[in-house]
Amino acid sequence: MISLHNSSKYYWKNGEFLPLDTTFDLYKSESPVYEVVRYNGELFFFDDHISRLKISLAGLGAKPKTIHLPSTDEMRELFVKNNFPEGNVRIDVFPKAGTTVAYLTTFFYPPEELYRDGVKVIFQYDERKNQQIKQFQEEIKIKTAELLIKTGAFETLLVNKHGQITEGSKSNVFFIKEGKIYTAPDLMILAGVTRKKVIRIIENMGLTIIYQAIVHHEITDYEAVFLTGTSIGVLPVKAIENNNYDPKNRVVREIMKYFNQKMIQERFI
Ligand code: PMP
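Residues numbered from 1 in each chain as written. Predicted model: local features only at pLDDT ≥ 70, side-chain atom pairs only at ≥ 80, totals over all residues.

J.: Mind showing me how you'd approach helix α4 (residues 138-151) here?
T.: An α-helical segment advances 3.6 residues per turn. Residues three or four places apart therefore align on the same side. Taking 1.5 Å as the rise per residue, α4 with 14 residues should run 20 Å; its terminal C-alpha atoms sit 20 Å apart, in good agreement. The buried fraction of α4 is low, at 1 of 14 residues. In the stretch just after α4, Gly-152 is the one whose phi turns positive, near 75°. (Helix = DSSP H or I, 4+ residues; strand = E, 2+ residues; numbered from the N terminus. Expected span 1.5 Å × (residues − 1). Buried ≥ 20, exposed ≤ 12 C-beta atoms within 10 Å, placed from the backbone.)

What follows is the structure, encoded as structure tokens:
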């Protein structure tokens, strides 16, 4: 298995809880369609993740009816069975084999100072295949890992052959200029569950969203930048390569505040 959390004792497979000593080698024959869902006594935005999983499967021509997807109760039970109070569950679907597994996966929740000071990001000149499908793409992941180790950056921003910044390697990106918010159109990216929540927040704030991918040599035109994702929530960017941004930008801070409120509300639903 890949990226398994080392305190996992049980995983879930097509409706059954099994001990982890069961060997599992589907990864060699097929690249899974997957989701990562955050848990903190409650699963965050679970229905949105399952909806996206169905979209990914449909995009690959797989028939969701023949595929066993886990329920919220089963995923809660997985955390309880593993005696794990807070973390991420990864759900991997192998459409050809007709197998779904779910297991506690490794995760990194940024410490307070990264939310305070922002993170450094760099460019990665790569395009994900089937942008709207969340499917494991090893070549890109390996390159991302190498770039991050080499530079000490927190995340890479993918730049396509037209020089447009589409998204992060595992996040979505937003740019701010003169109170307007820019993010790449849905068709060019993996439309993140967090991005969707943040777009709703921005609309409720009465701000304008422009669905446009920023060209990499125009990044100096923008005042602030932030990333969104399941584990990071809303995280300010302090630099892209050598260009600095204000991590304390008022609009970014307001979006962070409303997003954190939303996480707390969801926790008690
Ligand atoms: N883009 C890519 C390529 C990703 O892998 C992720 C992580 N799932 C995201 C965006 C962010 O999506 P989410 O908010 O659903 O975690």
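Next comes the rest of the write-up.
J.: Explain the nonpolar core to me, please; I cannot follow it from the model alone.
T.: It is characteristic of soluble globular proteins that their nonpolar side chains tend to be buried jointly. Counting 35 residues, the largest nonpolar core has Val-121, Phe-174, Val-225, Phe-226 and Val-237 as its most contacted members. Contributions of two or more residues to this core are made by β6 (119-124), β7 (155-159), β9 (172-177), β10 (180-183), α5 (193-204), β12 (224-229), β13 (233-240) and α6 (250-267). With sequence-adjacent residues up to four places away left out, Phe-174 is seen in contact with Ile-181, Tyr-182, Thr-183, Val-225 and Phe-226. If you look at the next biggest cluster of nonpolar residues, it comprises 18 residues, including Leu-53, Val-89, Ile-91 and Leu-104. (Core = buried A, V, L, I, M, F, W, Y, C linked by C-beta atoms within 7 Å. Contact = placed C-beta atoms within 7 Å.)

J.: So what exactly am I meant to see when it comes to α5 here?
T.: Between its first and last C-alpha, α5 extends 17 Å over 12 residues, near the 16 Å set by a 1.5 Å rise per residue. Turning to α5, its buried residues are Val-193, Thr-194, Arg-195, Lys-197, Val-198, Ile-199 and Ile-202. One or two steps after α5, the chain reaches Gly-206, where phi turns positive at roughly 80°.

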